[in-house]
Structures are given as C-alpha cells and as structure tokens.
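Working through the structure, step by step
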Amino acid sequence: MTVPLLTLNDGHSIPQLGFGVFKVDPDETERIVTDALEVGYRHIDTAAVYGNELGVGRAIAASGIPREELFVTTKLWNSDQGTQSAVDAMDLSLEKLGLDHVDLYLIHWPRPDLGRYVESWLTLEQLRADGKTRSIGVSNFHRPHLERIIAESGTVPAVDQVELHPAFQQRELRAFSEPLGIRTEAWGPLGQGKYDLFGEQAVQNAAAAHGVSPAQVVIRWHLQRGIIVFPKSNSRERMAANFDVFGFELTDPELAAIDALDRGQRVGADPDTAT
Ligand code: NAD
C-alpha cells in the first residue's frame, strides 16, 4: 500500500493521505496516533487549538519512526495571530510536539475581523526561514484572503486547507488555487458525519461495484481528484479501512456521479464570518 507523495510549490513533498486528530481527546491521543502510525499513516494533521499536540508528540517519539519519514502539520490559532505572538505559539507547538521543526505550519483561520492575517503570514515566512517549519500554508482562506497575502508578501502558500466533501466541493476556490500551485487539503472529508453522505446512491453504487465501504469510496474520490485528505477516526479498524484505498480505482462515471453531489452544503463555519 503506497500513499502517493505530492510535490508542493516549494519543492517539498507531502503524503496525499494522512490522519487528522480534530476532536481526538488529549488523554487518548497518544494511543490513537500510535495506532495510526502502526496502521501505516505517516502524515498527521493537528493544531494548537486541538489541545492534543503533546499526545501526537509522544506517539511520534515512541514510534521510533525516523523523523524524515513523517509529515507533521500544526496550525496557528486565531488568538495568536500577529508577530511575536505567532513566534511564541510556534515555539510552544514545537515544544509540545517534541520536534525541532514541523513539515507544514498553517494559519488556522483568516479571521478578517482581527485584521492580522497578513502580519501573521509574514511571520510564517520568517518561521520558515528560521527552519521551524519546512512549508507554510493557510486554512479556511477564501480567494480574497489568498490574493491579499500573495500581493503583500510575494509568497504563494503551499496549501489551503478548507472544508471539502462531496456536498461542498469548493470548485471555484480550487480553480483559482490550482494554477498558482496551491494544493487543496480537505477538512471534514467525510462530511464529519453530519449528513447522510454514505447513503448517497452514487457512493453506494461505487461501493457495491468495488466491494468496498462508502467511506473508502469517498476517500478514493478525494485522492483521484488530486485533493490531500486526512480522515479522522478513533477506531483502529476504521483507520485501517480508511488507509486501505489503493487496491481499487473509481471509474470516470463513478467520479462524475460523486461530483454531481455538490450542492454548496457546508457542515462548518463560513471563514468570512467565523468569529
Ligand atoms: P471527517 O470528515 O474526517 O469525519 C470524521 C468522522 O467520520 C468521525 O466522526 C468518524 O467517526 C467518522 N468516520 C471516520 N472513518 C469512518 C469510516 N470508515 N466509516 C464511518 N465513519 C467514519 O472530519 P474531521 O475530523 O473534522 O476532518 C478531518 C481532519 O481535518 C481533522 O481531524 C482535522 O485534522 C482537520 N480539520 C481541520 C479544520 C480546519 O479548520 N482547518 C476543521 C476541521 C477538521
């Protein structure tokens, strides 16, 4: 089972399939991430605000997996946006993770009401120059936010991590990002279980045709559409199933049928108005 490596616009590479730890209980994180690493995941997506960086770090340390085989992402929380506050937040994240650098550091939300995302972006450039992160990117940024940081810094983010699942496919944003070399990462790739995605006929039909589960079909759809994806599960069985998606391929009509499920249905907050 080989997870494809995608090249980012700064030359570094990222495993296209990873493991996300949003809402993973800090007390259980070490055990759950240990399971994920044993299953084979090498890309872990966490964030300062998830409160579980310590557990992620412990699992990494205990695994004995060489650092260069792992891809670790964490994120700058809204209240730490700025210059010194962002430097301090990154240092604290690294300390909790027990790492001297992460692979990807993201501004978690633009929070345009705070007026500090450009300043934060310039700080991320500095953090990258200082070797504290290999790559820098953003999360929940819409086109105007992306345009602004690119215009004011000259640096194009390596990724934009946004809500993305079959009912909310972010086509316009992806059409803007792709030519600039900004990779799209999906959060909530399974719709966070907030609508009956697995009951959709297009998903059911593909699952039956390939003898796989609806979740495997949806993860496969993300991968074949070029999206970076890191589904979350506390159960080792589901983690393993979500990782076992390289033994089948969706056909063009199956992909198109899932494309047709797009209806602009968010399950999370709108970055323009989130507070
Ligand atoms: P998700 O779409 O991955 O859904 C997780 C839910 O799906 C869980 O309830 C889990 O039990 C269920 N599930 C997982 N595998 C399943 C399977 N095989 N069969 C049936 N159910 C299954 O949602 P998510 O965790 O919110 O998103 C993934 C990751 O994205 C997060 O863990 C986090 O790392 C990241 N994220 C980022 C942001 C952001 O603002 N940048 C926001 C939310 C999540």
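If you're wondering where the values come from, they're calculated on a predicted model, not measured in any experiment.

In this section: the overall build of the protein chain. Scanning the protein chain for helices and strands turns up ten helices and ten strands. Principal-axis analysis of the C-alpha atoms places the extent of the protein chain at approximately 55 × 40 × 35 Å. Evaluated residue by residue, the protein chain yields a buried proportion of 46% over its 275 residues. Put simply, of all contacts in the protein chain between residues at least 6 apart along the chain, 73% involve residues at least 24 apart.

Below, the discussion takes up unusual backbone geometry. Phi at Asn140 takes a positive value of approximately 65 degrees, unusual for a residue other than glycine. On the secondary structure map, Asn140 appears in the loop between strand E7 (133-139) and helix H5 (143-153). You can call Asn140 buried: it has 23 C-beta atoms within 10 Å.

It is worth spelling out the pairing of strand E6 (residues 102-107) at this point. Judged by how many residues are buried, E6 sits mostly within the fold: six of six residues are covered. Sheet analysis places strand E5 (residues 71-76) next to E6, joined by four bridges and oriented parallel. When the sheet's bridge partners are listed, Lys75 is paired in E6 with Leu106. Once the chain exits E5 it traverses helix H3 (residues 84-97) before rejoining the sheet at E6, and the crossover so formed is right-handed.

Turning next to the pairing of strand E8 (residues 159-163). For a regular strand, the rule is simple: side chains alternate between the two faces of the sheet. Within E8, five of the five residues are buried, leaving the element largely enclosed by the surrounding structure. Bridge analysis of E8 against strand E9 (residues 183-187) gives five bridges, and the strand direction is parallel. Opposite Asp160, over in E9, you have Thr184 as the bridge partner. The handedness of the E8 to E9 crossover, carried by helix H6 (residues 171-180), is right-handed.

Here the focus is helix H2 (residues 53-63). Since the α-helix turns once every 3.6 residues, residues separated by three or four places project in the same direction. For H2, every residue scored as buried is listed here: Glu53, Gly55, Val56, Gly57, Ala59 and Ile60. Those residues of H2 that are buried lie in contact with helix H1 (26-39), strand E4 (43-45), E5 and H3. Trailing H2 by a residue or two, Gly64 shows a phi angle of about 75 degrees, which is positive.

Mapped onto the present numbering, the UniProt feature "site: Lowers pKa of active site Tyr" (unreviewed entry) falls on Lys75. Along the polypeptide, Lys75 turns up in strand E5. Beyond its immediate stretch of four places on either side in the chain, Lys75 contacts Ala47, Ala48, Leu106, His108 and Ser139.

Neighbouring residues of the ligand: 24 residues in total, closest Gly20, Trp187, Leu190, Ala215 and Lys232. Split into classes, the residues belonging to the shell around the ligand amount to nine nonpolar, twelve polar and three charged.

For the rest of this paragraph, the subject is the sheet that holds E6. Strand order in the open sheet formed by eight strands is E3-E4-E5-E6-E7-E8-E9-E10, and the pairing between neighbours is parallel. Two strands close off the open sheet at either side, each with one partner strand: strand E3 (19-20) and strand E10 (228-229). As paired strands, E6 and E7 are joined by five bridges and run parallel to one another. In the strand pairing of E7, Leu106 is matched with Gly137. Of the strands in this sheet, E5, E6 and E7 are in contact with helix H4 (residues 117-129), which crosses E6 at around 170 degrees.

What follows is about the packing of H1 against H2. Where H1 contacts H2, the axes come no closer than 7 Å and their chain directions differ by 40 degrees. Accordingly, the angle class assigned to the pair H1 and H2 is oblique. In terms of crossing hand, the pair formed by H1 and H2 is right-handed. Contacts from Pro26, Thr29, Glu30, Val33, Thr34 and Leu37 in H1 reach Leu54, Gly55, Val56, Arg58, Ala59, Ala62 and Ser63 in H2. Its residues placed into classes, the contact of H1 with H2 shows seven nonpolar, four polar and two charged.

A separate point is the nonpolar core. With 69 residues, the main nonpolar core has Val33, Tyr105, Val218 and Val229 as its most contacted residues. Counting residues per element, this core draws most heavily on helix H8 (residues 214-224), which supplies six residues. Those residues in contact with Val229 that sit more than four places away from it in its chain are Leu17, Ala186, Pro189, Ile219, His222 and Leu223.

A word on helix H9 (residues 236-243). The set of residues buried in H9 consists of Met239, Asn242 and Phe243. Down the axis of H9, the buried set is contained in an arc of 100 degrees. They therefore lie on one face. For H9, the secondary structure elements touched by its buried residues are E3, H1 and H8.

About the criteria used
Residues numbered from 1 in each chain as written. Predicted model: local features only at pLDDT ≥ 70, side-chain atom pairs only at ≥ 80, totals over all residues. Helix = DSSP H or I, 4+ residues; strand = E, 2+ residues; numbered from the N terminus. Buried ≥ 20, exposed ≤ 12 C-beta atoms within 10 Å, placed from the backbone. Contact = placed C-beta atoms within 7 Å. Pairing = 2+ DSSP bridges. Right-handed = clockwise from strand over helix to strand, strands pointing away. UniProt positions renumbered as here; feature names shortened; annotations may be inferred. Near = placed C-beta within 6 Å. Nonpolar A, V, L, I, M, F, W, Y, C, P; charged D, E, K, R; others polar. Axes fitted to C-alpha atoms, helices over the stretch in contact; angles between N-to-C directions. Parallel < 35°, antiparallel > 145°, perpendicular 65-115°, else oblique. Left-handed = near helix turned anticlockwise from the far one by under 90°. Core = buried A, V, L, I, M, F, W, Y, C linked by C-beta atoms within 7 Å. Arc of directions from axis to C-beta.

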